[in-house]
Each structure stands twice: as structure tokens, then as C-alpha cells.
2 protein chains.
Amino acid sequence: MFRQTYSSSLLEDAVDSFASLPGIGRKTALRLALHILQEPEANVEKFASSLLNFRTQVQYCPQCGIITDDGECPICNDRKRDRSIVCVVESFRDVLSIENTGSYHGLYHILGGIISPLDGVGPGDLRIASLLQRCTDGEIREVVLALSTGMEGETTSFYLYRQLANLSIAVSTIARGVAFGDDLEYTDELTLGKAIENRRPFKI
Amino acid sequence: MFRQTYSSSLLEDAVDSFASLPGIGRKTALRLALHILQEPEANVEKFASSLLNFRTQVQYCPQCGIITDDGECPICNDRKRDRSIVCVVESFRDVLSIENTGSYHGLYHILGGIISPLDGVGPGDLRIASLLQRCTDGEIREVVLALSTGMEGETTSFYLYRQLANLSIAVSTIARGVAFGDDLEYTDELTLGKAIENRRPFKI
């Protein structure tokens, strides 16, 4: 009885909770649970309530879908950003990645996934209607598709491209190529082939 | 503003909470926080309350110090275990490690740390008095010291040995030597030297 379970059902529950998180095994979960014991009670209360508050009170920007506290997100609200260009991504994490580059100054639109018949995700399950709605308002001149490569991402990109074709909006996708610091030797053929096809004039 | 912080203070708090755990950086913390969003609210509530309950309601076995729900722990309560032998360890995790071996059938005594003048931990800060009290009751015939090696562990072992010397109790320490699967080539000299000193008759 003592081998797999612990001497306390409270500890058991705490370990189960941590172990339910992605990428956290039972050994790490035990370490985290025992760490909790050494924290002041107030800290643990704050920990628990911050997660619960986040889960229950989270809001999404009605325009782009970014996680926000209340109403429009800081990006849609930022009047300094280029409102004529919208970057379409799958998730909020993609927004953070692109923001981290500091190279993009337009708006975003989070789809909430990609079309994936195998997982039962169709166009109707994604924030596509609201994207098209935004695009018919006339302010947007370019849509940048920044979806993942692979069958499902390409399918979704193609679907969006077809939907946007009737509107007079430029549709682009982010460049694919050999990453900085990557050896040609270890780059897959598809990427390297496309990188050669899409070569650009050399600039100093 | 969007670079280091996020678009939502709720998200910010949740990420801060996860990142306060040992071994979890801000990138993992973000991943965990966004995972929380995809869980049903009831699961997140259960998660939060399991940690809080554990922290506020945890109890320790009055005899050995093991984490328990209520009163004596399952080990001290287990009448099949050998009550004449007590293994002295630093922490609850050491108990779990020893229990996992399946090789020990006696009782435990958790010190709650080791003597460490640099960290301001003296004998009075550890559960040493209760160990001596247990040992004077007459039932215990052997104390196994299973503390960490190194200056502080050795000091603590020596201190306990001196304290136990007046009582007619055998004091032993766990064997140190070359671990199974370890190459001699990569074993440190101290360990290998002690392993040769403490060699044992070969048994088939």
C-alpha cells in the first residue's frame, strides 16, 4: 500500500494535481507538493486563487481573440499599430512568439486551432467567420497567414485564401527557409528546396 | 509593455505562480497557465483546493514525523513491522526512497534536516529530542543512520552517535560503496577507497 500511494490522502491529491499538468511526472509532482509544504500558507492561498481567478475570469479580445482582462486587448487598442494588416495565427502563444521578434506592428487574429478533420475540427469550429467579418469592414489591406506547416496548416491556409479571394485584400504567408544558425547539411530537403526556389536578391 | 508582461494581469499572476515553483521557468509556467485555460473549471477548482487543503490540513506522525492525514502514520501503525529498529533520515522523501527498495521493515524517524551551523540549524532545531525519547523507551535495539554524506551529514551522524552512546542501543549507518552499474573508472576515490576497506566475503 505504501509503495505507489503515500501515507496521506492529502499528499496523494496534491501529487495527483501536479501530475495532471502536461510534462510533469509523478516524481516532479511529489517534489512540487513537498515544496508547497514549506511555503507560508498565504503564498499557497495566492497560488491557488491566481489559477482559479485566471480560469474563471479570463476574457478574450472580441476582435482578435487575445487573452485580456477586460474588453479590447492592448494590441487592438494600440493606435500606433498598423490597422491595415492582420496576422492570422492558431493560438495565443503564436502571438507572443511574433511579438517577441519586434518585427511585426500590425494586428492579430487568433483562429483557435486549425482545420483538422481527424480531430473533428471544421471551419465552423474556428474563428473564421469573425476574420471574414473584420476583412469586409474595409480597413484591412493585407492578411498574413502564419499557420503551422504540414497538411492541416496548409489546408487551413488554402481554405482562408479561397475565402478571402473575393475581397480585394492581399494574402501573404510568412517566409519559410533555412533558419539562422542552421547547417544546410541538417536542413530537410523540403525546406532547403523551398529556400532555393524563394531566393531573394542579396542586400548589404 | 507587451514584451515581458502579458496582455492580461490574470495571466500574469497565473504565470508568476507557476514560475515560483522550483525548477519551473517562465516559459514552462506560460505553457502550464495556458493549459489551465483548456481544463474544465471544476478541474481547476479541484487542483487549487487540493493544494490548499494539503498545505493547511497536513499533519505529521507524532512519533516519526511522516506526513499523515490523522494521528499515527501507516508505518508506525503497521504491527507487522519490526519495532526494534529505527532508521533516522533527514526528510520525508528519504523515507519514500527507502520504502521503494522494499528492503527495510523497521520504523523511521525524520529529523527534518541536518545540523548546519552555516544555515543556522543547530541540534535544537531538529527532531533529536524526540528520537532520544523514543530510544529511552526500551523497545528500540538498533538505530540506523541514513543521513547524507558530506560535512554536515557526518557531523549530525556523529552528534547522534554520541547522544545514543549512553543507551544500550546499536548504532549503524547504511553502507557506502560503488553503486550497481557504476564503472570503477568514474567512481570518486573516497567512495572507491571506502568500498575496498569495507569489502565483504563473496556470497553466491
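Up top is the structure.
Summary of the structure given here. (Residues numbered from 1 in each chain as written. Chains lettered and ligands numbered in written order. Predicted model: local features only at pLDDT ≥ 70, side-chain atom pairs only at ≥ 80, totals over all residues. Heavy atoms only, no water.)

1. Remarks on the overall build of chain A
Helix and strand counts for chain A stand at 8 helices and 6 strands. Order of helices (α) and strands (β) in chain A, N terminus to C terminus: α-α-α-β-β-α-β-α-β-α-β-α-β-α. Relative to the globule expectation of 17 Å for 204 residues, the C-alpha radius of gyration of chain A, 23 Å, shows a markedly less compact shape. In terms of its C-alpha atoms, chain A occupies a principal-axis envelope of roughly 65 × 50 × 40 Å. By sequence separation, contacts in chain A at least 24 residues apart represent 46% of the contacts at least 6 residues apart. Looking at charge distribution, chain A has the averaged site of its 20 positive side-chain charges lying 4 Å from that of its 27 negative ones. (Helix = DSSP H or I, 4+ residues; strand = E, 2+ residues; numbered from the N terminus. Rg over C-alpha atoms; globule rule 2.2 N^0.38 Å. Contact = heavy atoms within 4.5 Å. Lys, Arg positive; Asp, Glu negative; His and termini not counted. Charge placed at Lys NZ, Arg CZ, Asp CG, Glu CD.)

2. Brief notes about the relation of the copies chain B and chain A
Once chain B has been moved 0.0 Å along the axis and rotated by 180 degrees, it coincides with chain A to within an RMSD of 0.1 Å. On this basis, the relationship between the two copies can be described by a two-fold rotation axis. Among all residues of chain B, the one whose C-alpha sits closest to the rotation axis is Ala48 of chain B, at a distance of 2.3 Å. The residues that chain B uses at the interface reappear at the interface of chain A in 100% of cases, marking a shared surface. (Least-squares fit on C-alpha atoms with pLDDT ≥ 70 in both.)

3. Things to note about the pairing of strand E4 (residues 107-110) of chain B
Residue and element names in this part refer to chain B. Side-chain alternation along E4 places Leu107 and His109 on one buried face and Tyr108 and Ile110 on a second face that is also buried. Both strand E3 (residues 85-89) and E4 contribute to a ladder of 4 bridges, which runs parallel. If you follow Val89 over to E4, its bridge partner there is Ile110. Between the parallel pair E3 and E4, the chain is carried across by helix H5 (residues 92-101), and the sense of this crossover is right-handed. (Buried < 20%, exposed > 50% of the residue type's maximum accessible area, 1.4 Å probe, protein only. Pairing = 2+ DSSP bridges. Right-handed = clockwise from strand over helix to strand, strands pointing away.)

4. Here we look at the sheet that holds strand E5 (residues 142-145) of chain A
Residue and element names in this part refer to chain A. Judged by pairing direction, the sheet is parallel, and its 4 strands sit side by side in the order E4-E3-E5-E6 without closing on themselves. Of all strands in the sheet, those bounded by a partner on one side alone are strand E4 (107-110) and strand E6 (170-173). The sheet shows a mean angle of 25 degrees between the axes of neighbouring strands, direction not considered. Of the pairings in the sheet, the one linking E5 to E6 comprises 4 bridges and is parallel in character. Bridged to Leu145 within E6 is Thr173. Docked against the sheet, helix H6 (residues 128-136) engages strand E3 (85-89), E4 and E5, running at close to 150 degrees with respect to E4. Contacting E3, E5 and E6, helix H7 (residues 151-164) runs over the sheet at an angle of about 170 degrees to E5. (Axes fitted to C-alpha atoms, helices over the stretch in contact; angles between N-to-C directions.)

5. Thoughts on the layout of surface pockets
One water molecule sets the probe size; rolling that probe over the atoms shows where empty space is left. Residues and elements named next belong to chain B. By volume, the largest pocket is sized at about 1,000 Å³. Residue lining of the largest pocket: 28 residues in total, with Ile174, Ala175, Arg176, Gly177 and Asn198 positioned closest to the centre. Of all the secondary structure elements, the ones that give two or more residues to the lining of the largest pocket are helix H7 (151-164), strand E6 (170-173) and helix H8 (189-197). When residues of the lining of the largest pocket are assigned to their parent elements, the largest contribution, 6 residues, is made by H8. Taken together, the residues that form the lining of the largest pocket break down as 13 nonpolar, 10 polar and 5 charged. (1 Å grid on protein atoms, 1.4 Å probe; cavity = no way out; pocket = protein on both sides within 12 Å on 5 of 7 lines; lining within 4 Å. Points joined across faces, edges and corners; volume = space filled by probe spheres on them. Nonpolar A, V, L, I, M, F, W, Y, C, P; charged D, E, K, R; others polar.)

6. So, the nonpolar core
With 114 residues, the main nonpolar core has Leu11, Phe18, Phe54 and Ile66 of chain A together with Leu11, Phe18 and Phe54 of chain B as its most contacted residues. If near-sequence neighbours (up to four positions away) are discounted, Leu11 of chain B is found in contact with Phe54, Ile67 and Phe92 of chain A together with Tyr6, Leu30, Ala33 and Leu34 of chain B. (Core = buried A, V, L, I, M, F, W, Y, C linked by side-chain atoms within 4.5 Å.)

7. Quick notes on the interface of chain B and chain A
How large an interface is tends to be reported as the accessible area lost when its parts come together. At the junction of the two partners, chain B supplies 56 residues and chain A supplies 56 residues. For the pair chain B and chain A, the two sides together bury roughly 5,300 Å², of which 74% comes from carbon and sulfur. At the junction of chain B with chain A, the criterion picks out 0 salt bridges. For the pair chain B and chain A, the number of links is 13 residue pairs in polar contact (both at pLDDT 80 or more). (Buried area = accessible area lost by both parts, 1.4 Å probe. Salt bridge = Lys/Arg side-chain N within 4 Å of Asp/Glu carboxyl O. Polar contact = N/O pair within 3.5 Å; in protein donor to acceptor, adjacent residues only side chain to side chain.)

Keep in mind that these numbers describe shape and distance, not what the molecule does.
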